[in-house]
Amino acid sequence: MRVAVGGAETYAYTGARAFDAALPTLAFVHGAGNDHSVWALQSRYFAHHGRNVLAVDLPGHGRSAGRPLASVEALSDWVAAFLAAAGVREAALVGHSMGALAALECAARHPALVRRLALLGPAAPMPVSDALLDAARNDEPAAHAMIVGWQHAPGALLGGHPVPGLWMPGGATRLLERALPGVLAIDLAACNAYAGGLDAAASVACPALVVTGQRDLMAPPKSAQALIDALRDKRVVSLPNCGHAMTNEAPDRVLDALIGFL
Amino acid sequence: MKARLPLPTPMSTPKSHRFDTLSLHAGARPDPATGARATPIHQTASFVFPDCDHAAALFNMERAGHVYSRISNPTCAVLEERVAALEGGVGAIATASGQAALHLAICTLMGAGGHIVASRALYGGSHNLLDYTLPRFGIATTFVDPRDLDAWRAAIRPETRLLFGETLGNPGLDVLDVPRVAALAHDHGLPLLVDSTFTTPWLLRPFEHGADLVFHSATKFLSGHGVVIGGVLVDSGSFDWDGAKARGKFPTLTEPYHGFHDMVFAEESTTAAFLLRARREGIRDFGACMAPATAWQILQGIETLPVRMARHVENARKVVAFLAKHAMVAGVAYPELPSHRDHALAARLLPRGCGAVFSFDLRGTRAQGRRFIESLRLFSHLANVGDAKSLVIHPASTTHFRMSAEDLARAGITEGTIRLSIGLEDADDLIEDLSRGLHAAGKA
C-alpha cells in the first residue's frame, strides 16, 4: 500500500492483501535503520488470519519518501498521521526497538487510535553509547558492525537462522547498509534523546504486551523494567536465549506472543 | 544518570568471527535434541507438522521451518548458511550440482526473451548451457572477451538481465576484473553473477568487489575430496531489484507472483528477494535440490577449506615453477607468472594466490600429449578439479569437446593444452610424476 503522509509517499507492506475496512488493523513499526521487512513472518501471518496489516516504512526508510524524523515524539505523531491517511480509525500497534518507543508515545498521545500496544525490545530510557552515535554519524560501516554484533544473542553470530538458508549477520548488515546515508544516525539520536518513555507508559490506557530478549544487549530486560512497572494493563513475555533482533532470531516465539495478545 | 549500553571500549566492540572459525562453525551448533556435536544428516523427505494451523503457516511463509526436503532440509541449511557466511552474503541455496546452481540463478531472473552477456572463458558445461540449451527456451547469450570492457558494454541490450563470468576462467585462468565488470553491470541496472568455483571464498570474496550473486560447484574445492556432486548459489543481498536503473527489468522479483499468493518478493524481503524466489519457485518447481548426505560431505570438506587451500596453492606454485622451466612446455597459464596477461590484476584481486587449477601447453603432437597423460602415475586422468588428489585432463577432447575450433581458440585452448588440478600430495612427488610424463612425451 502506498499513501501520502504529509505530502510524502509512504509505503506499507500488507501481506499482498487488499485493505478491508471491516477487519481489525495491526500496524507494525520497525526500528532504527531498518524497514518493514523485519516483520516479514509475523506481518504475513496476521495478514492471512483476519487482520489488515500495515507494516510501514518510516519516513526516509525503505520504500517511503520524506526525511527521517528526529524525535520519538515526531515519529509517534507521524504514525498517527499515517493511520489516518490509510483510513484507519483504530489499530493495534506493534513496535520494535525505536519503533516500540514510537508506538508507546503514540498510544499515550493518541489513546483513541490505539486499541492494543505490543512493545518488542523496548527500554526507557534507551540510551545509545557515544561511540555508536559517533560511528553512525562518521563511519556507518563501523556502526553497522557494532549493531550487528550487539543486537544478536552470542550464538546467533554463528548462524542458526530459523528461516532455512539465511545467514543472520549478513542479512542484518545488508539491511542496515540499505538505509540512506545519515538515516541511522538520526534514528539513534532520536532513541538516545527520548526521555518521555516512563510518562508515556503511565498514561497508556490500552492493554500492553512487552516482549524482551533475555540476551538482549541493546535494550537489556532490566532497562525495560521501569517501563513495564509503569504500564497499567500489561503482559510480559521474556524470550530465553534471544537478543535484540528477536523478529529474526525467534520469529515463531515472537509470533506466538503476539497471537496470544492480539 | 542514564544507564548506558555496553561501553564500546575496544575490548567490548563486537567482532565478527573470522574466516577459519566460520569454516568450522557457521550455521551449526550442537544438536539440541541429542547433543551431537557434528551436524546430523537429516535423512528424511518430510517434517511432521505439530498441527494443521502450523502446517498452513509453514506453507504460506508465516512461520520458519522445513516442510519437504526438496525445498529445504536442516543439514542443507547448515551448508547454505556456512557458504553464505564465508562469502559474506545474506543466504544461499544448495543445489544438485554447480550446473543446477547456474540454471537456478538464470531462471530466477529471466524467462524467454531474456539475454545474458557472458565471458567466453567458461567451463565447457556452462558454455553448453548458455550457447546451445537455453536458446531452446528463449534465453540468448552473447559471449565476450572477459578482458574487453568495451565488448561487455557493447553486448548489453535492452533485454539483458545478467552479466556472468568465472572468477578464474576455465582453463586459461583469465582473471575476471570483478570490480570493473560489476560497476558496468550496475551502471546498466544489471547484476553480476560469478562462478567462484576455482577461487573459493578463501582466495576471493567477490561480493567485496561488487559481484551480486556467486555460485560454486561444491564438488570441487569446497567438498575437496571428489566424493560428491553439488552446487551452492549465494546472494549478496546488495542488488536493488527495484532500484531506479533496474526498475521493470526483474518482474519475477518486483511483481506479484501468482504461483505464491501474489507475493512480491522484493517487498517481502528487502535483502533476500532473489533467494526467496529461487527457493519458492526454482527449487520447488525445477527440483534440482541437494541431498542431505551430500550437504554433510561438503560440510566436512569446508571445515578444512582454509588449510587445504593454503596447501593447494603452495603445491601449485611449486609445480608451476617446475613446468615453466621445462623444455617440453611451451607455456604455463598461471596468473602469478609475469607472462600471464592478467598478472597485475591477479596481484590485486588474488593476493593469497591463483588457485590450484591451471593449464599448460605441451610442445609436440597430439600423440605426445596422449603419451604424457598415460605416463603419469600420481595424477589421475579424469574430468574433475579441486580434489585432494592431483588430476589431469586434455580439455580439447573432453571438457570442451563440444566447442568449435574457433571457440576453443578464443577460450585459449589448443590441441596441446593440458589442464592440471594440483592436490595435496608432496609437491616433490608431483614434480617427479610430471617429469616422468614429460620425459616419456619427449620420446614418443
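Residues numbered from 1 in each chain as written. Chains lettered and ligands numbered in written order. Predicted model: local features only at pLDDT ≥ 70, side-chain atom pairs only at ≥ 80, totals over all residues. Heavy atoms only, no water.

Residue and element names in this part refer to chain B. Of all five residues in strand β12 (residues 417-421), five are buried, a share of seventy percent or more. Burial along β12 is two-sided: T417, R419 and S421 and I418 and L420, pointing in opposite directions, are all buried. Where strand β9 (residues 357-362) lies against β12, five bridges are found, and the strand directions are antiparallel. Within β12, the residue paired with F358 across the bridge is L420. Alignment of strand β11 (residues 391-393) against β12, held across three bridges, turns out to be antiparallel. Within β12, the residue paired with I393 across the bridge is R419. (Buried < 20%, exposed > 50% of the residue type's maximum accessible area, 1.4 Å probe, protein only. Helix = DSSP H or I, 4+ residues; strand = E, 2+ residues; numbered from the N terminus. Pairing = 2+ DSSP bridges.)

For the rest of this paragraph, the subject is the nonpolar core. Nonpolar side chains tend toward joint burial in soluble globular proteins. Counting residues in each nonpolar core, the largest one holds 133 residues, and the members touching the most others are L79, L323, Y334, F358, F360, F372 and L420 of chain B. Counting 65 residues, the second largest nonpolar core, distinct from the first, contains V56, L113, A172 and L184 of chain A. (Core = buried A, V, L, I, M, F, W, Y, C linked by side-chain atoms within 4.5 Å.)

Turning our attention to the confidence of the model for chain B. Per-chain confidence: chain B averages 93 in pLDDT, with 96% of residues scoring 70 or above. Segment residues 1-13 of chain B is flagged for pLDDT under 50; beyond a separation of four residues in sequence, or across chains, it makes 23 contacts in the model. (pLDDT = per-residue confidence, 0-100. Contact = heavy atoms within 4.5 Å.)

The next thing to look at is the sheet that holds strand β8 (residues 329-333) of chain B. Residues and elements named next belong to chain B. Strand order in this open sheet of five strands is β8-β9-β12-β11-β10, and the pairing throughout is mixed. Single-partner strands in this sheet number two, and they are β8 and β10 (380-381). Of the strands in this sheet, β8, β9 and β12 touch helix α13 (residues 305-324), which is tilted by about 10° from β9. Strands in contact with helix α15 (residues 366-375) are β9, β10, β11 and β12; relative to β9, the strand with the most contacts, it is inclined by about 135°. (Axes fitted to C-alpha atoms, helices over the stretch in contact; angles between N-to-C directions.)

Across the boundary between the two partners, chain B contributes 53 residues, which contact 49 residues of chain A. Taken over both partners, the interface formed by chain B and chain A buries close to 4200 Å², and the fraction arising from carbon and sulfur atoms is 53%. Where chain B packs against chain A, one counts four salt bridges. We note a salt bridge from R63 of chain B to D252 of chain A, for which the minimum N-O separation is 3.9 Å. In this structure, the connection of chain B to chain A is made through 24 residue pairs in polar contact (both at pLDDT 80 or more). Mapped by element, the contributors of at least two residues to the side of chain B that touches chain A are α1 (19-25), α3 (74-87), β1 (91-95), α10 (265-268) and α11 (273-286) of chain B. At five residues, α3 of chain B tops the list of elements feeding residues into the side of chain B that touches chain A. Taken together, the residues of the side of chain B that touches chain A sort by class into 21 nonpolar, 19 polar and 13 charged. (Buried area = accessible area lost by both parts, 1.4 Å probe. Salt bridge = Lys/Arg side-chain N within 4 Å of Asp/Glu carboxyl O. Polar contact = N/O pair within 3.5 Å; in protein donor to acceptor, adjacent residues only side chain to side chain. Nonpolar A, V, L, I, M, F, W, Y, C, P; charged D, E, K, R; others polar.)

Residues and elements named next belong to chain A. Their axes nearest at 8 Å, the elements helix α4 (residues 130-138) and helix α7 (residues 183-193) cross at an angle of 155°. By the angle between their directions, the pair α4 and α7 is classed as roughly antiparallel. Relative to α7, α4 is oriented so that their crossing is left-handed. Listed contacts from α7 to L132, L133, A136 and R137 of α4 are L184, A185, L188, A189 and N192. Within the contact of α4 with α7, the residues separate by chemical class into seven nonpolar, one polar and one charged. (Parallel < 35°, antiparallel > 145°, perpendicular 65-115°, else oblique. Left-handed = near helix turned anticlockwise from the far one by under 90°.)

What follows deals with α11 of chain B. Residues and elements named next belong to chain B. The terminal C-alpha atoms of α11 lie 18 Å apart, and with 14 residues this matches the ideal 20 Å at 1.5 Å per residue to within 8%. R279 marks where α11 bends most, by close to 30°. Listed in full, the buried residues belonging to α11 are A273, F274, L275, L276, R277, A278, R279, R280, E281, G282 and I283. Two residues or fewer after α11 comes G287, characterised by a positive phi angle close to 80°. (Expected span 1.5 Å × (residues − 1). Bend = angle between axes of the 7 residues up to and from the residue.)

Moving on to the environment of D35 of chain A. If you trace the backbone, D35 of chain A turns up in the loop between β3 (25-29) and α1 (40-47). Measuring from C-alpha to C-alpha, the distance between D35 of chain A and D77 of chain A comes to 18 Å, with 42 residues separating the pair along the chain. Within the structure, the side chain of D35 of chain A is placed 2.6 Å from the side chain of S37 of chain A, a separation counted as a polar contact. Engagement of the side chain of D35 of chain A in a polar contact is seen with the side chain of T270 of chain B, the distance being 2.6 Å.

Time to look at helix α17 (residues 427-443) of chain B. All names here are of chain B. Its 17 residues give α17 an end-to-end C-alpha distance of 24 Å, which sits within 8% of 24 Å, the value for a rise of 1.5 Å per residue. Of all the positions in α17, only A427, L430, I431, D433, L434, G437, L438, A440 and A441 are classed as buried. Those residues of α17 that are buried are in contact with α13, β8, β9, α15 and β12. The N-cap of α17, judged by a side-chain oxygen 2.8 Å from the amide nitrogen of D428 a few residues on, is D426.

A few words on the side chain of E81 of chain B. In this structure, E81 of chain B sits in helix α3. Of the side chains with opposite charge, R29 of chain B comes closest to the buried, unpaired E81 of chain B, at an N-O distance of 7.0 Å. Within the structure, the side chain of E81 of chain B is placed 3.1 Å from the backbone nitrogen of H161 of chain A, a separation counted as a polar contact. Every residue in contact with E81 of chain B, bar those within four places of it in the chain, is listed here: G159, G160, H161, G165, L166 and W167 of chain A together with G27 of chain B. (Lys, Arg positive; Asp, Glu negative; His and termini not counted.)

Turning our attention to the packing of aromatic side chains. Per the stated rule, a full pass over the model turns up 13 aromatic pairs over all chains. Here the aromatic rings of Y45 of chain A and F46 of chain A are separated by 5.3 Å at their centres, their planes lie at 90°, and the arrangement is edge-to-face. Grouped by ring-pair contacts, the aromatic residues F28, W39, Y45 and F46 of chain A constitute a single cluster. Stacked on the ring of F261 of chain A, the Lys or Arg R116 of chain A has its end atom at 4.8 Å from the ring centre. Taking the ring centre of W202 of chain B as reference, the NZ or CZ of R352 of chain B above it sits at 4.3 Å. (Phe/Tyr/Trp six-rings, centres within 6.5 Å; stacked < 30°, edge-to-face > 60°. Lys NZ or Arg CZ within 6 Å of the ring centre and 35° of its normal.)

This paragraph deals with the pairing of strand β2 (residues 115-119) of chain B. Residue and element names in this part refer to chain B. In terms of burial, β2 is largely enclosed, as five of its five residues are buried. Judged by which residues are buried, β2 turns out to be covered on both faces: H115, V117 and S119 on one side and I116 and A118 on the other are all buried. As a crossover connection, the stretch from β2 through helix α5 (residues 124-133) into strand β3 (residues 140-144) is right-handed. When β2 meets strand β4 (residues 160-166), the two strands line up parallel, connected through four bridges. Its bridge partner being in β4, I116 is matched across the sheet by L162. (Right-handed = clockwise from strand over helix to strand, strands pointing away.)

Next up on the list: the sheet that holds strand β6 (residues 114-120) of chain A. Sheet strands line up and pair through hydrogen bonds in the backbone, either parallel or antiparallel. All names here are of chain A. Ordered in space as β1-β2-β4-β3-β5-β6-β7-β8, the eight strands form an open sheet in which the pairing is mixed. Each of the sheet's edge strands pairs with one partner strand only, and the pair in question is β1 (2-5) and β8 (234-239). Going from strand to strand, the sheet's axes swing by 25° on average, the running direction of each strand aside. Pairing analysis gives four bridges linking β3 to strand β4 (residues 52-56), with the strands arranged parallel. Counterpart to T25 in the pairing with β4 is N52.

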